[in-house]
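Per-entry structural report
Chain residues, written in single-letter form:
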Amino acid sequence: MIAGHFNYWVVIVLMMMGFYIVVSDSNLIKKIIGLNVFQTSVFVLFISMSKVKGGTAPILTEEASLYSNPLPHVLILTAIVVGVSTSALGLALISRIHRAYGTVDETLIHEQDETQDEA
Amino acid sequence: MDIAILVNFSLLTLMMLVVVVLIRLKSLLGVALTNGIYSLLSAGLFVTMDAVDVAFTEAAVGAGITTVLLLGTIAVTGMEQTVSRHGKFLPLVVIFITGAALIYGTLDMPPFGDPKAPIHTHVAPHYLTESTNEIGIPNVVTSVLASYRGYDTLGEVIVIFTAAIGVLLLLGKTVGKRNK
C-alpha cells in the first residue's frame, strides 16, 4: 500500500507546497515559481501512472517485450512546452507591472492603487 | 527492494526537501536557481520511470529556458524580496483540506507500476503493437506525438505562437504611443 501509492502522495505534497507558495507569497515572481512547482508535480503524477513494473522506455527493440505507456509521455511533452510559454507570458506581465508600479510585490501594488483612488 | 524503486524514493524525497528550501528562501536569485534544481531532479525521476523523451525536454526546457527567463526577469525587477507575506494561517488551512481530499482520491488509484491498470489497457497496446506497421518509427512517443495525436501538437504550436505574440506586445516599446 505505502510503496504502491508513495509516488502519488509525494506528488500531492509537492502540489500543495506549490499551491502554498502561490497563495501565501506576495511576490509575483515567487508566485510564478510556485505555479512551476505545482505544474512539475502534475507531470510526475502522469509519468508515475505510465510506468509499468519491469517495463522499459517505449522505443521498440528486439530485446524488450514490455514497455511503459507512451501516451502520458506525449501529453506531458506538450504540457512542458505549454507550461514554459505560459510562464514566459506571466513573467512578461510582471516586468510590465514593474515598469508601471516600480515593484513586483502584490501588497505594495495594492497600496499604490488605494492611494491613487483617494487622490 | 528493487534499486530503481530506491532511486525513485530518494529523488522524490530530495524534491520535497528542495521545495521546502524554496518556500523558506528570501532571495529571488536563490529561488530561481533552486527552481532549476527542482526541475533537474524531476528530469532524473522521469528517466527512472522510463520517460526518456520527457526527461530531456524537462531538463532542456524546464530547467534551462525557465531559469533563463526567471533570471532575465529578476535582472529587470531587482533581487530582494521586500515586504512580509500575507497571513499564514488561512493558506495552511486551505492546502491541508485540499491535500486531504486529493490523498483520499488517490486511495482508489491502481498501485504504482501495476500492468493491469486501466490506463494500460485502452489505446496504448494499439500504439505499441501497430505503430511499426502504421508509422514505422521505433520510438513510439515520436509516432504518437507527430502522427496519432498530431492535432495536439498543432494546438501546442498555436499556444506557443500566441504566447510569443503576447510577450512581444507586453515588452515592446510603448514610448511612441505614450507621447501622443
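Values in this document were obtained by computation on a predicted structure and should not be read as measured data.

Attention shifts here to the overall build of chain B. A count of helices and strands for chain B gives eight helices and zero strands. In sequence order, chain B lays out its α and β elements as α-α-α-α-α-α-α-α. Taking 2.2 N^0.38 as the reference for a compact globule, 180 residues should give roughly 16 Å; the C-alpha atoms of chain B span a radius of gyration of 22 Å, well beyond that estimate. The 180 residues of chain B split such that 36% are buried.

Attention now goes to the layout of surface pockets. The computed volume of the largest pocket comes to approximately 190 Å³. Around the largest pocket, the lining residues are Ile12, Val13, Met16, Met17 and Tyr20 of chain A together with Ile23, Ile95, Phe96, Gly99, Ala100 and Ile103 of chain B. Of the residues in the lining of the largest pocket, the class split is ten nonpolar, one polar and no charged.

Remark: the empty space left among the atoms is shown by a probe the size of a water molecule rolled over them. In total, this model carries one cavity of 30 Å³ or more according to the counting rule given. In this model, the largest cavity occupies a volume close to 80 Å³. Contributing to the lining of the largest cavity are Asn36, Gln39, Thr40, Phe43, Ile80 and Val84 of chain A together with Asn35, Ser39, Glu58, Gly62 and Thr66 of chain B. Those elements giving two or more residues to the lining of the largest cavity turn out to be helix H2 (28-50) and helix H3 (70-101) of chain A together with helix H2 (28-48) and helix H3 (52-77) of chain B. Among the elements that make up the lining of the largest cavity, the one with the highest residue count is H2 of chain A (four residues). Its residues assigned to classes, the lining of the largest cavity shows three nonpolar, seven polar and one charged.

Residue and element names in this part refer to chain B. Two numbers describe how H2 lies on H3: the axes approach to 8 Å, and their chain directions differ by 175°. In this view, H2 runs roughly antiparallel relative to H3, as classed from their interaxial angle. Across the interface between the two elements, Leu28, Leu29, Ala32, Leu33, Asn35, Gly36, Ser39, Leu40, Ser42, Ala43, Phe46 and Val47 from H2 touch Val54, Ala55, Glu58, Ala59, Gly62, Ala63, Thr66, Thr67, Leu70, Leu71 and Ile74 from H3. The residue makeup of the contact of H2 with H3, split by class, is 15 nonpolar, seven polar and one charged.

On the side of chain B, 86 residues touch chain A, which itself brings 78 residues to the contact. Both faces considered, chain A and chain B share a buried interface measuring about 7,700 Å² in area, 75% of it formed by carbon and sulfur atoms. Seen at the junction of chain A and chain B, the total is one salt bridge. For Asp50 of chain B, the salt bridge is made with Lys51 of chain A, and the minimal N-O distance between the two is 3.0 Å. Linking chain A with chain B are 18 residue pairs in polar contact (both at pLDDT 80 or more), by the criterion used here. No other element matches H3 of chain A, which puts 24 residues into the side of chain A that touches chain B. Residues that form the side of chain A that touches chain B fall into these classes: 49 nonpolar, 21 polar and eight charged.

Core analysis: the largest hydrophobic core is formed by 62 residues, its most contacted members being Val44 of chain A together with Phe46 and Val54 of chain B. Going through the elements one at a time, helix H1 (2-24), H2 and H3 of chain A together with helix H1 (3-24), H2, H3, helix H5 (124-134) and helix H6 (140-148) of chain B are the ones with two or more residues in this core. With eleven residues, the single largest contributor to this core is H1 of chain A. Excluding residues within four positions of it along the chain, Val44 of chain A makes contact with Val11 of chain A together with Leu12, Met15, Ser42, Leu45, Phe46 and Met49 of chain B.

Moving on: unusual backbone geometry. Even without glycine at this site, Asp50 of chain B takes up a positive phi of about 70°. Assignment of secondary structure puts Asp50 of chain B in the loop between H2 and H3.

Bringing the domain arrangement of chain B into the picture now. Partitioning chain B into domains gives domain 1 (1-80) and domain 2 (116-175). Centre-to-centre, using C-alpha coordinates, domain 1 of chain B lies 23 Å away from domain 2 of chain B.

A word on a nonpolar patch on the surface. Taken together, the side chains of Leu29, Leu33, Leu71 and Met79 of chain B present a nonpolar region at the surface, about 320 Å² in accessible area. Within the fold, Leu71 of chain B resides in helix H3.

On to the packing of aromatic side chains. Residues and elements named next belong to chain B. Across all of its chains, the model carries three aromatic pairs over all chains by this definition. Ring centres of Tyr127 and Tyr148 lie 4.6 Å apart, and the angle between their planes is 40°; this geometry places the pair in the tilted category. Residue Tyr127 is found in helix H5, and its partner Tyr148 is found in helix H6; the two are separated by 21 residues along the sequence. Looking at Tyr127, the relative accessible area reads 6%, which means it is buried. According to the relative accessible area criterion, Tyr148 is partly exposed, its value standing at 25%.

Rules behind the numbers
- Residues numbered from 1 in each chain as written.
- Chains lettered and ligands numbered in written order.
- Predicted model: local features only at pLDDT ≥ 70, side-chain atom pairs only at ≥ 80, totals over all residues.
- Heavy atoms only, no water.
- Helix = DSSP H or I, 4+ residues; strand = E, 2+ residues; numbered from the N terminus.
- Rg over C-alpha atoms; globule rule 2.2 N^0.38 Å.
- Buried < 20%, exposed > 50% of the residue type's maximum accessible area, 1.4 Å probe, protein only.
- 1 Å grid on protein atoms, 1.4 Å probe; cavity = no way out; pocket = protein on both sides within 12 Å on 5 of 7 lines; lining within 4 Å.
- Points joined across faces, edges and corners; volume = space filled by probe spheres on them.
- Nonpolar A, V, L, I, M, F, W, Y, C, P; charged D, E, K, R; others polar.
- Axes fitted to C-alpha atoms, helices over the stretch in contact; angles between N-to-C directions.
- Parallel < 35°, antiparallel > 145°, perpendicular 65-115°, else oblique.
- Contact = heavy atoms within 4.5 Å.
- Buried area = accessible area lost by both parts, 1.4 Å probe.
- Salt bridge = Lys/Arg side-chain N within 4 Å of Asp/Glu carboxyl O.
- Polar contact = N/O pair within 3.5 Å; in protein donor to acceptor, adjacent residues only side chain to side chain.
- Core = buried A, V, L, I, M, F, W, Y, C linked by side-chain atoms within 4.5 Å.
- Domains from an automatic or database assignment.
- Patch = residues over 30% accessible without salt bridge, like charges linked within 9 Å, V, L, I, M, F, W, Y side chains within 5 Å.
- Areas by Shrake-Rupley, 256 points an atom, 1.4 Å probe, with all protein chains shown as cover.
- Phe/Tyr/Trp six-rings, centres within 6.5 Å; stacked < 30°, edge-to-face > 60°.

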